[in-house]
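Okay, here's what each chain looks like letter by letter:
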Amino acid sequence: MSLVVEADGGSRGNPGPAGYGAVVKDADGQVLAEAADALGVTTNNVAEYQGLIAGLRSALAIGGDGATVEVRMDSKLVIEQMAGRWKIKNEGLRPLARQADELARRLRVRWTWVPRERNRDADRLANAAMDAAARGEKWQPAGLPEPSPPPAAAAPEPALAREPSASPQDRSGGWMGPATTATTLLLLRHGETPLSVERRFSGTGDPELTPKGVAQAEAAAARLARPPYRIDVIVSSPLRRALATAEAVAGRAGLKVAVDEDLREVAFGEWEGHTFTEIQRRWPGELAAWLADPSVAPPGGESFEQAASRIEQARERLLLDHRGKTVLAVSHVTPIKLFLRFALLAPAASLYRMHLDIGSLCAIDYFPDGPELVRAFNDTAHLR
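Residues numbered from 1 in each chain as written. Predicted model: local features only at pLDDT ≥ 70, side-chain atom pairs only at ≥ 80, totals over all residues. Heavy atoms only, no water.

Under an unreviewed UniProt entry, the name given to the protein chain is Bifunctional RNase H/acid phosphatase, and the organism recorded is Sphaerisporangium rufum.

This is the structure we're talking about:
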């Protein structure tokens, strides 16, 4: 038997009133089972894992050991961790991951990340469970259903992703004010380097700031030291041009800089240090392919698609470790574009249509109930 498990979970406050939802479908998309539950107060990631566990249990009840199952979730963190591509650094998630893995080993599972809008059935159930948790109630499904379709009345209209539908205080479609505290990510591109002056590809090579770049870093630091900014945490790429920029801000903010390896620039391989014209002359076919497809890497380098995977990992980690805080991430043009692309739900090709100046500032608000709002893009007011 071939089945599809769609699972989701969330909390209003992270941690906050939490719940999960899971749906099991056949290969034709017919709903075979639904499961949901309120979890009291916990985090988004715990709720997502609980949704996965409930979905796998339902799949086993329907298909038995050895059934082929595609698990679809909009949590990149859970999918990548269960697929074995990301490490599980949060001690609180490890028991849940082991429990899910024990269930998955009894099945033939394929792990698939999907955008939030393609996970609406599970999201609907998770939101109902979160509503119950917010009321202090224990929302209970009828148990693991038999492998038969539910009646037509059991299929309400799909809800907007992670959007509750009850009270005027709740967010609705992005038009009303947020009901919970956002985690704010300030994204600062490093100052000028000798390679940027000459418009050369600068990836994981490690040039230092020029005197002008140092001045740009100081200008950004002066701006971020004044209201309305209030930085709680500073993280930086390990490359010197970013670290020097981050240290300038840290000196005024009285904070230390934490290094995050995933915030490094994309590796340009053999193109490192060359101008666009030089690359066009020496690698015309490779350049054309790279410009047309984000999955194509420069010779000996890293593709935008590969970079996107580590930036998603960095995003999940930052939101988990610093929820409700303002985090300054000092990085490079490609990682910052990827953060923006994810927040805007934009396609991969959007990377080719963004321009970010040296020393520019962007800002994204992440709300526990789902929405991500871009507050600033390529802001260079401090450099004028």
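Now, onward.
Novice: How do you make sense of the overall build of the protein chain when you look at a structure like this?
Specialist: Tallying secondary structure elements over the protein chain gives 11 helices and 11 strands in all. For the protein chain, the residues scored as buried account for 53% of the 384 residues in total. Look at the contacts in the protein chain between residues 6 or more apart in sequence, and 71% of them connect residues 24 or more apart. In the structure as shown, the protein chain presents an accessible area of about 17400 Å², 51% of it carried by carbon and sulfur atoms. (Helix = DSSP H or I, 4+ residues; strand = E, 2+ residues; numbered from the N terminus. Buried < 20%, exposed > 50% of the residue type's maximum accessible area, 1.4 Å probe, protein only. Contact = heavy atoms within 4.5 Å. Areas by Shrake-Rupley, 256 points an atom, 1.4 Å probe, with all protein chains shown as cover.)

Novice: Just to check I follow, could you spell out the nonpolar core for this structure?
Specialist: The nonpolar side chains of a soluble globular protein tend to be buried, and buried together. If you look at the biggest cluster of nonpolar residues, it comprises 36 residues, and the most contacted ones within it are Tyr-49, Leu-52, Leu-56, Val-71 and Met-82. A per-element tally of this core places helix H1 (residues 44-63) first, with 9 residues. Formed by 34 residues, the second largest nonpolar core is a distinct cluster that contains Val-233, Ile-311, Leu-338 and Ile-364. (Core = buried A, V, L, I, M, F, W, Y, C linked by side-chain atoms within 4.5 Å.)

Novice: So what exactly am I meant to see when it comes to the pattern of salt bridges here?
Specialist: Close approach of charged atoms allows side chains with opposite charge to pair. A full pass over the atoms with the stated rule returns 27 salt bridges. Of the charged contacts in the structure, one is a salt bridge between Arg-72 and Glu-70, with a shortest N-O distance of 3.0 Å. Residue classification places Glu-70 among the buried positions, given a relative accessible area of 12%. Two residues, Asp-365 and Arg-375, come together in a salt bridge whose shortest N-O distance is 2.8 Å. Taken as a pair, Asp-365 in strand S10 (residues 361-366) and Arg-375 in strand S11 (residues 372-379) lie far apart in primary sequence, 10 residues in all. Residue Asp-365 is classed as buried on the basis of its relative accessible area, which comes to 10%. A single network of salt bridges, built from pairs that share partners, joins Lys-76, Glu-80, Arg-85, Glu-312, Arg-315, Glu-316 and Glu-372. (Salt bridge = Lys/Arg side-chain N within 4 Å of Asp/Glu carboxyl O.)

Novice: Would you mind showing me how to read the packing of helix H10 (residues 304-321) against helix H11 (residues 333-343) here?
Specialist: Each pair of packed helices gets described by two things: the angle between the helix axes and the distance between those axes. Axis separation between H10 and H11 bottoms out at 9 Å; the angle between their running directions is 70°. When the axes of H10 and H11 are compared, the pair comes out roughly perpendicular. Residue-level contacts link Phe-304, Ala-307, Ala-308, Ile-311, Glu-312 and Arg-315 of H10 to Thr-334, Pro-335, Leu-338, Phe-339, Arg-341 and Phe-342 of H11. In terms of residue class, the contact of H10 with H11 is built from 8 nonpolar, 1 polar and 3 charged. (Axes fitted to C-alpha atoms, helices over the stretch in contact; angles between N-to-C directions. Parallel < 35°, antiparallel > 145°, perpendicular 65-115°, else oblique. Nonpolar A, V, L, I, M, F, W, Y, C, P; charged D, E, K, R; others polar.)

Novice: Explanation requested: H1 in the structure shown.
Specialist: For an α-helix, 3.6 residues make a turn, and residues three or four places apart therefore share a direction. Between its first and last C-alpha atoms H1 spans 28 Å; for 20 residues at 1.5 Å apiece the expected length is 28 Å, and the two agree. Counting buried residues along H1, 16 of its 20 residues qualify, which places the element largely inside the surrounding structure. Taken from the residues just after H1, Gly-64 is the one with a positive phi, measuring 75°. (Expected span 1.5 Å × (residues − 1).)

Novice: Teacher, can you tell me more about the sheet that holds strand S3 (residues 31-42) here?
Specialist: Pairing between the strands of a sheet comes from backbone hydrogen bonds, and it takes one of two forms, parallel or antiparallel. Spatially, 5 strands are ordered S3-S2-S1-S4-S5 in an open sheet, and the strand pairing comes out mixed. Only two strands of the sheet have a single neighbouring strand rather than two, namely S3 and strand S5 (108-113). For this sheet, the mean angle separating the axes of adjacent strands, direction not counted, is 20°. Pairing analysis gives 6 bridges linking strand S4 (residues 68-73) to S5, with the strands arranged parallel. Considered in S5, the bridge of Arg-72 is made with Thr-112. Each of strand S1 (2-11), strand S2 (16-26), S3, S4 and S5 is contacted by H1, which is oriented at about 155° to S1, the strand it contacts most. (Pairing = 2+ DSSP bridges.)

Novice: Honestly, H11 in this entry has me stumped. Any pointers?
Specialist: Of all 11 residues that make up H11, 11 are buried, and the element is covered over most of its length. Residues of H11 that are buried include every one of Val-333, Thr-334, Pro-335, Ile-336, Lys-337, Leu-338, Phe-339, Leu-340, Arg-341, Phe-342 and Ala-343, and no others. Residues of H11 that are buried in the fold lie against strand S6 (183-189), H10, strand S9 (326-331), S10 and S11. Positive phi appears at Leu-345, one or two residues downstream of H11, with a value of about 55°.

Novice: Is there a simple way to think about the sheet that holds S11 in this case?
Specialist: Strand order in this open sheet of 6 strands is S8-S7-S9-S6-S10-S11, and the pairing throughout is mixed. The sheet is open, and its two edges are formed by strand S8 (257-259) and S11, each paired on a single side. Direction aside, neighbouring strands of the sheet carry axes that sit 20° apart on average. Pairing between strand S7 (residues 233-236) and S9: 4 bridges, direction parallel. What sits directly across from Ser-236, in S9, is Val-330. Its contacts with the sheet put helix H6 (residues 211-224) on S6, S9, S10 and S11, and the angle it makes with S6 is roughly 160°.

Novice: Would you take a moment to explain the pairing of S2 for this structure?
Specialist: Successive residues of a regular strand alternate their side chains across the two faces of the sheet. Of all 11 residues in S2, 9 are buried; the element is thus mostly enclosed. Sheet topology places S1 next to S2; 9 bridges connect them, and they run antiparallel. By the bridge assignment, Gly-10 is partnered in S2 with Gly-19. In this antiparallel pair of consecutive strands, S1 and S2, the connection spans 4 residues, and Gly-13 shows a positive phi of 135°. Bridge count for S2 against S3 is 10 bridges, and the pairing is antiparallel. Bridging from a neighbouring strand, Val-24 pairs with Ala-33 of S3. Joining the antiparallel neighbours S2 and S3 is a turn of 4 residues, in which Gly-29 adopts a positive phi near 90°.

Novice: How do you make sense of the UniProt feature "binding site: substrate" (unreviewed entry) in the protein chain when you look at a structure like this?
Specialist: The UniProt feature table records "binding site: substrate" (unreviewed entry) at Arg-241. Among the structural elements, Arg-241 can be located in helix H7 (residues 240-253). Filtering out sequence-adjacent residues up to four positions away, Arg-241 remains in contact with His-190, Thr-193, Ser-202, Gly-203, Gly-205, Asp-206, Pro-207, Leu-209, Glu-265 and His-332. (UniProt positions renumbered as here; feature names shortened; annotations may be inferred.)

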